[in-house]
Amino acid sequence: MPQFIDFSRIQVKGGDGGAGCMSFRREAHVPKGGPDGGDGGNGGSVILEADENVSTLLDYRFKHHFSAERGTHGQGSRKHGKDGKDLVLKVPVGTVVKSMNKEGTQAKDIIGDLAVPGARIVVGPGGMGGMGNTHFVSSTRRAPAFAQKGEPARAHWIELELKLLADAALIGMPSVGKSSLIARMSSAKPKIADYPFTTLVPQLGVVAAGGDSFVVADIPGLIEGASEGKGLGHDFLRHIERSAVLVHVVDVSDVLPEEALENFSVINNELAAHNPQLARRPKIVVANKIDAGDAQLTSLAVAALQEAAAQKGLPFFAVSAVTGEGIKALELGIGEAVKKARATDGAAAKAKTEFDAAYTLKKKRDEKKLTIERLNATTWRVSGEALERAVLMCDWENEEGIAFFEKQLERMHANEDFEAAGIQVGDEIRVLDYAFTFKL
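These lines cover the structure that appears in this document, whether it is placed above or below.

The rules behind these values
- Residues numbered from 1 in each chain as written.
- Predicted model: local features only at pLDDT ≥ 70, side-chain atom pairs only at ≥ 80, totals over all residues.
- Heavy atoms only, no water.
- Helix = DSSP H or I, 4+ residues; strand = E, 2+ residues; numbered from the N terminus.
- Buried < 20%, exposed > 50% of the residue type's maximum accessible area, 1.4 Å probe, protein only.
- Contact = heavy atoms within 4.5 Å.
- Areas by Shrake-Rupley, 256 points an atom, 1.4 Å probe, with all protein chains shown as cover.
- Pairing = 2+ DSSP bridges.
- Axes fitted to C-alpha atoms, helices over the stretch in contact; angles between N-to-C directions.
- Salt bridge = Lys/Arg side-chain N within 4 Å of Asp/Glu carboxyl O.
- Parallel < 35°, antiparallel > 145°, perpendicular 65-115°, else oblique.
- Nonpolar A, V, L, I, M, F, W, Y, C, P; charged D, E, K, R; others polar.
- Core = buried A, V, L, I, M, F, W, Y, C linked by side-chain atoms within 4.5 Å.

## Re the overall build of the protein chain
A count of helices and strands for the protein chain gives nine helices and 18 strands. Burial statistics for the protein chain: of 440 residues in total, 49% are counted as buried. Within the protein chain, residue pairs in contact and separated by at least 24 positions form 72% of the contacts whose partners lie at least 6 positions apart. Accessible surface, the protein chain as shown: approximately 22,000 Å² in total, 50% of it carbon and sulfur.

In structure tokens form, the structure reads like this:
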């Protein structure tokens, strides 16, 4: 049986851009051939794609570094370099992608939510190819003897977190019979035994009821303190977040009414503590194991639980996963609740088949924005995406290339930012691993 892996951290890197070519035409009887250097190819990108045929993040448990193909260099005769191939990584539908700090130790922001099959997100952009010297011809520069370097792609860490996309989630304390219920209602074959924490990973099953079908998930048993991580609580609770309907299963066999109510209350409190929206999610209350234990005691527990559900305005079903009593009514009840949740565009998570096709990306930051830090009286550290790209693609061993870089600073209005920050002519400006003197 394949392992269920629902969390991974990987490092991704697009391909480096190819360098542009500095070349001039070499033809017989053409003593002054013009520039004809081709552009470098763009590097390939690392792309995540949601695939229905992938059910776990197991592929990323042991391999953590992924790189796309680099672009090739440009050549003479205006021959452009070939773009690098994209690297497409398949992930399960329902994978949330988060950015991480430089060390790859802490998640930061959500950058993508691959909630529908075929959804894609570029997590490792390829570097731009450098321009050949044909691009730098001007009225004052008829024979540019320089070209751009390719842009190096940057490696960074991302976090992958799988959250199951089920219409309904069976929740409750350990050993309340959730696995038996999903086995009775669907063709799922979970491991079943009469001891706590038999189910260690979520199980999915498809249930047909009243001409419709829905996906139900058996979430491993929660305990008090689950919202704080006790009993792998965080690992289990994440899979509840996207379920449209929560089916709260309570064991009523051989328990006092107050015990049944206490177990019911504990799970509700843990859901609210983990995510306040879960407290408002559509719920169904199920009293399971009505066939077991002392009949009179079980009856009292069922009555107490039914009254508690009624006070909260929640549907209630009394069932036996072993004998099948009440199961058909429960299936129809869940089906109706799922249908209603599908039609409601509110806080409840949408069903798998109709989950919002759009996934959210953080807005791209302003490339021209600069961050300027004073290191000492005459030395400054400057960072900014557009500036860093220009620095990396500049040929610092070529005077014409450096002159073109200085023109780029003017077009970016970077010099104005430098002056506004207090940088004086002659001060040293450091960008990445490069340093240059500020001059106007």
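## A few points about the sheet that holds strand E15 (residues 371-376)
Strand pairing within a sheet occurs via backbone hydrogen bonds; the two strands may be parallel or antiparallel. Reading across from one edge, E15-E16-E17-E18 is the order of the four strands in this open sheet, with mixed pairing throughout. Strands with a single pairing partner mark the edges of an open sheet, and in this sheet they are E15 and strand E18 (434-437). Sheet twist, expressed as the average angle between the axes of neighbouring strands with direction ignored, equals 25 degrees. Note that E15 and strand E16 (residues 379-383) share five bridges and pair antiparallel. Pairing of Arg374 across the sheet is with Trp380, part of E16. Across the sheet, helix H7 (residues 385-393) touches E16, strand E17 (428-431) and E18, and the angle it forms with E17 is around 90 degrees.

## Regarding the pattern of salt bridges
If you walk through the whole model with that rule in mind, you get 14 salt bridges. Here Lys98 ties to Glu159 by a salt bridge, and the two come within 4.0 Å at their closest N and O atoms. Placement of the pair is Lys98 in strand E5 (residues 95-100) and Glu159 in strand E8 (residues 156-162), with a sequence separation of 61 residues. Accessibility expressed as a relative area gives 19% for Lys98, which makes it buried. The salt bridge involving Asp251 is made with Lys289; its shortest N-O contact spans 3.4 Å. Placement of the pair is Asp251 in strand E12 (residues 245-251) and Lys289 in the loop between strand E13 (283-288) and helix H5 (295-311), with a sequence separation of 38 residues. One salt-bridge network, in which partners are shared between bridges, spans Arg9, Lys98, Glu159 and Glu161.

## Things to note about the sheet that holds strand E2 (residues 46-51)
Pairing within the open sheet is mixed, and its three strands lie in the order E4-E2-E7. Lying at the two open borders of the sheet, with one neighbouring strand each, are strand E4 (87-92) and strand E7 (120-124). This sheet shows a mean twist of 30 degrees between the axes of neighbouring strands, independent of strand direction. Alignment of E2 against E4, held across six bridges, turns out to be parallel. If you follow Glu49 over to E4, its bridge partner there is Lys90.

## Some words on the packing of H7 against helix H8 (residues 399-411)
Relative to each other, H7 and H8 sit at 170 degrees, their axes nearing to 10 Å. The angle between H7 and H8 falls in the class roughly antiparallel. Of the residues in H8, those in contact with Leu387, Ala390 and Val391 of H7 are Phe405, Gln408 and Leu409. When the residues that make up the contact of H7 with H8 are grouped by side-chain class, the tally is five nonpolar, one polar and no charged.

## Brief notes about the nonpolar core
Counting residues in hydrophobic clusters, the biggest one holds 38 residues, and the most contacted among them are Leu181, Leu330 and Ile334. Those elements giving two or more residues to this core turn out to be strand E9 (168-171), helix H1 (178-185), strand E10 (203-209), strand E11 (212-218), E12, helix H3 (257-274), E13 and helix H6 (327-343). A per-element tally of this core places H6 first, with five residues. Those residues in contact with Ile334, other than ones at most four positions away along the chain, are Ala168, Met185, Phe214, Val247 and Ile284. The next biggest cluster of nonpolar side chains, apart from the first, holds 22 residues, and it includes Leu48, Phe66, Leu114 and Leu160.

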